[in-house]
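Residue-level listing of the chains:
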Amino acid sequence: MPATFKSIRPVMGVNSLLLLVAAFLTVAANGRFWGIVFAADLGTGGHGLLVIAAVAAALLSITVLMLLPLSVPGLLKPGLVLVLLLAAGAAHFIGDFGAVIDRHALASVYETDAREAGEWFSLRMLTTIALLGVAPALLTCWVRIEWQRPLRELFARAKLALAVLAALAIAAVTCGKDVASLLRNHMELRHIANPFALLAAQLSYLDHARNDGRPLEQIGTDARRGSALPPGPRPVVLVLAIGESARAASLDLNGYTRDTDVSLHPVPVVNFRNVRSCGTNTATSVPCMFSGLGRKRYDDGIVKRRENLLDVLMRGGYDAIWLDNNTGSKGLAKRAKEIHVGSAPDPDICNAEGCYDEALLRELDRLLPIIRRDTVIVLHLLGSHGPAYYARYPERFAAFKPECKTNELQRCSDQQIRNTYDNTVLYTSYVLSGIVARLGERRVLPADAPIRCLAARGHAVRPGQCPEMGAPAAHGAVPNFDAAMLYVSDHGESLGEHGLYLHGAPYAIAPDEQTLVPMLFWTSQGFAARRKLDSECLRGRADAPLSHDHFFHIVLGLTNVQTVLYRRQLDAFVGCGMG
Ligand SMILES: [Zn+2]
């Protein structure tokens, strides 16, 4: 029997195996890539086919060149198996979520935690990895390699390399212009060409990680409190509510047809309608906002070894606390205080998939009564974090139905996905109203009122149409501090527009859904009086084009922390009463 088995085991040379694996990857692990190429306008008739052949030859050639260094005895099979498995994983995210593979995507993978990783896990993911990764990997292991003498092998590799370089050259000469314009019109192609994009992203990630050994760069060492907001008997509390994956277009404050922010209707917030994010994922946007570098100068390698807004605020006499219900401060709160709300879970608002953002409110309830000094509190919300939107809100907030009760978005209709996402926005607006209630706002609705209102009115309530919501009532006693809240999302989210889901598109081609984010400001009368803020004046600036670049300077302005880092022209609140 062993002899028979051996006899049906295919035998091949190294070049043949490399070509076969490369051809498999080019064809099978690039579904979305080919979808975009075939749908593109490549000219009529035979010319279009020629361009497609050139693209195929180029992708195959590049893949062969990538695999060539693996062709050493002992390394070849384990190397090919690893490439096949990684490419299958990448193909799942590219194909099912419209993801791109760049260093930000890799950073998100490397910096994820067990809960977040668990949410990505699905039967469909296993199937894709089994078909595109495990099956060809097993076949690769089964093949018997015929190794020749080292010099002959070297000669064979050189021949293969020359052949694919010649193929690349021919493709470039015949269709170079067409391929270049294809890449320009569809910039995502270079980020989804599998497994090329994986290698490019990994090299770029490592390049940026080299900065990790540098000493910490101090910034704003001149920071001190200005005379416009001196420490007084009542501490100042500024809450910065950040994140997550909320898009401006899904707030009815911004004209959305559903009353997703009904909880905020009675609250006198200032709504900025035209705010752009710094990046399209958390790992870029959040550090960018706190860096003060601005989107164009932002570099994630640099900020890893550089102080940030919280350090400057602490120099200006503020305590800084980071309350996290997301994936952590990514080191931003290293020198401040960081509290993860999921670490001591309340069973009624936490489950295996984490805690609802109400957990942040409970932490505020514990924290606010003991504040004696001026304090900036960052609340890192979980908000609308996908793909498990359904896990972000308790059942009573499921106003829009039917929901998508799985993290496998492709199993749901776009309407279900939108319903579920809108429920997360509805819940976030409830959490935000809970924050301002704790900070002293008296015009807040009873907790369940939003749902009662939506149940009574159906899915398209207009503002002011909910008399049954009852009279606004504040939370507990009037606090003994003067507070304000600035809420801004880290980036937006795609819900099927242009065939895209989730977020993370390269910024240059990211659709508005991923980069236009909500930004809301609320101030207590006490804080407004001390900082001489005029909310009506701010409302007059609701449509001004703003971005995360302004965040750093608005916060320095609100807290009256003076430093050479502060740029008055980026403080969108200047001129609305502030000295
Ligand atoms: Zn995010």
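Residues numbered from 1 in each chain as written. Predicted model: local features only at pLDDT ≥ 70, side-chain atom pairs only at ≥ 80, totals over all residues. Heavy atoms only, no water.

Draft legend 1. View of the overall build of the protein chain. In terms of regular secondary structure, the protein chain is built from 21 helices and 16 strands. For the protein chain, whose C-alpha radius of gyration is 27 Å, the value lies close to the compact-globule estimate of 25 Å for 579 residues. Projected onto its principal axes, the C-alpha coordinates of the protein chain cover approximately 85 × 55 × 50 Å. Counting the 579 residues in the protein chain, one finds 55% classified as buried. (Helix = DSSP H or I, 4+ residues; strand = E, 2+ residues; numbered from the N terminus. Rg over C-alpha atoms; globule rule 2.2 N^0.38 Å. Buried < 20%, exposed > 50% of the residue type's maximum accessible area, 1.4 Å probe, protein only.)

Draft legend 2. Structural context of the sheet that holds strand S15 (residues 546-547). Reading across from one edge, S7-S6-S10-S4-S11-S14-S5-S15 is the order of the eight strands in this open sheet, with mixed pairing throughout. Looking at strand neighbours, the two that pair on one side only are strand S7 (337-340) and S15, the edges of this open sheet. One ladder, built from five bridges, connects strand S5 (residues 270-276) with strand S14 (residues 516-523); its direction is antiparallel. Bridge pairing links asparagine 271 to leucine 520 in S14. Here helix H16 (residues 414-438) sits on the sheet in contact with strand S4 (236-242), strand S10 (375-380), strand S11 (482-488) and S14, set at roughly 160° to S11. In the packing of helix H21 (residues 548-559) onto the sheet, contacts are made with S4, S5, S10, S11, S14 and S15, and the angle to S4 comes to roughly 170°. (Pairing = 2+ DSSP bridges. Contact = heavy atoms within 4.5 Å. Axes fitted to C-alpha atoms, helices over the stretch in contact; angles between N-to-C directions.)

Draft legend 3. Seen up close, the state of the cysteines. According to the stated counting rule, one finds four disulfides in the structure shown. Here cysteine 350 engages in a disulfide with cysteine 355; their sulfurs sit 2.0 Å apart. With the S-S dihedral at roughly 100°, the linkage between cysteine 350 and cysteine 355 falls on the right-handed side. By the burial criterion, cysteine 350 is buried, and cysteine 355 matches it. Between the sulfur atoms of cysteine 404 and its disulfide mate cysteine 412 the distance is 2.0 Å. Measuring handedness by torsion sign, the sulfur bridge of cysteine 404 and cysteine 412 sits at about 80° and is right-handed. For cysteine 404, a relative accessible area of 2% translates into the label buried. (Disulfide = S-S within 2.5 Å.)

Draft legend 4. Representation of the pairing of S5 within the structure. Strand direction decides the pairing type here: S5 and S15, joined by two bridges, are parallel. Across the sheet, residue arginine 276 finds its bridge partner in S15, namely serine 547.

Draft legend 5. The side chain of arginine 306, seen in detail. Structurally, the position occupied by arginine 306 is in the loop between helix H13 (300-303) and helix H14 (309-315). Not counting the four nearest positions on each side in its chain, arginine 306 is found in contact with Leu216, Glu217, Ile219, Ser291, Leu293 and Arg335.

Draft legend 6. Looking closely at the domain arrangement of the protein chain. What the domain assignment reports for the protein chain is domain 1 (2-209) and domain 2 (236-383 + 421-436 + 481-570). For domain 1 and domain 2, the distance between their C-alpha centres works out to 39 Å. Contact with domain 1, which involves 19 residues of that partner, is made by 21 residues of domain 2. Across the contact surface, domain 1 and domain 2 share two salt bridges. Among the salt bridges present, the one from glutamate 111 reaches lysine 330, with a minimum N-O distance of 3.8 Å. Applying the counting rule to domain 1 against domain 2 returns two residue pairs in polar contact (both at pLDDT 80 or more). Elements with a minimum of two residues in the side of domain 1 that touches domain 2: helix H6 (103-110) and helix H7 (114-120). (Domains from an automatic or database assignment. Salt bridge = Lys/Arg side-chain N within 4 Å of Asp/Glu carboxyl O. Polar contact = N/O pair within 3.5 Å; in protein donor to acceptor, adjacent residues only side chain to side chain.)

Draft legend 7. Here's a closer look at the side chain of glutamate 307. Here glutamate 307 is to be found in the loop between H13 and H14. Residue glutamate 307 is classed as buried on the basis of its relative accessible area, which comes to 5%. A polar atom in the side chain of glutamate 307 sits 2.9 Å from the side chain of arginine 315. What glutamate 307 contacts, discounting residues up to four positions off in sequence, is Leu216, Glu217, Gln218, Ile219, Arg315 and Arg335.

Draft legend 8. Region of the structure containing the packing of aromatic side chains. Enumeration over the complete set of coordinates arrives at 15 aromatic pairs. Residues phenylalanine 290 and tryptophan 322 carry aromatic rings whose centres are separated by 5.5 Å and whose planes lie at 50° to one another, so their mutual orientation is tilted. You can see phenylalanine 290 sitting in helix H12 (residues 282-291) and its partner tryptophan 322 sitting in strand S6 (residues 319-324), a full 32 residues away along the chain. Residue phenylalanine 290 shares its accessibility class with tryptophan 322, and that shared class is buried. Taken together, the ring pairs connect Tyr356, Phe397, Tyr427 and Tyr430 into an aromatic cluster. (Phe/Tyr/Trp six-rings, centres within 6.5 Å; stacked < 30°, edge-to-face > 60°.)

Draft legend 9. Just the pattern of salt bridges, in detail. Under the defined criterion, the tally for this structure stands at 27 salt bridges. Between glutamate 307 and arginine 315 there is a salt bridge whose closest N-O contact spans 2.9 Å.

Draft legend 10. Seen up close, the environment of leucine 126. By the secondary structure assignment, leucine 126 is in helix H8 (residues 123-142). Classification of leucine 126 by relative accessible area gives partly exposed; the value is 42%.

Draft legend 11. Just unusual backbone geometry, in detail. Of note, the amide linkage connecting asparagine 194 to proline 195 takes the cis form, showing an omega dihedral of 0°. In this fold, proline 195 is placed in the loop between helix H10 (189-192) and helix H11 (196-209). At the junction of glycine 386 and proline 387, the peptide bond is cis and its omega measures out at 0° in the coordinates. With respect to the helices and strands, proline 387 occurs in the loop between S10 and H16. Within the chain, serine 245 stands out as a residue other than glycine whose phi angle is a positive 55°. Positionally, serine 245 belongs in the loop between S4 and S5. Phi angles above zero are rare outside glycine, and leucine 502 is one such case at about 60°. Along the chain, leucine 502 turns up in strand S13 (residues 501-502). The exposure class of leucine 502 is buried, given its relative accessible area of 6%.

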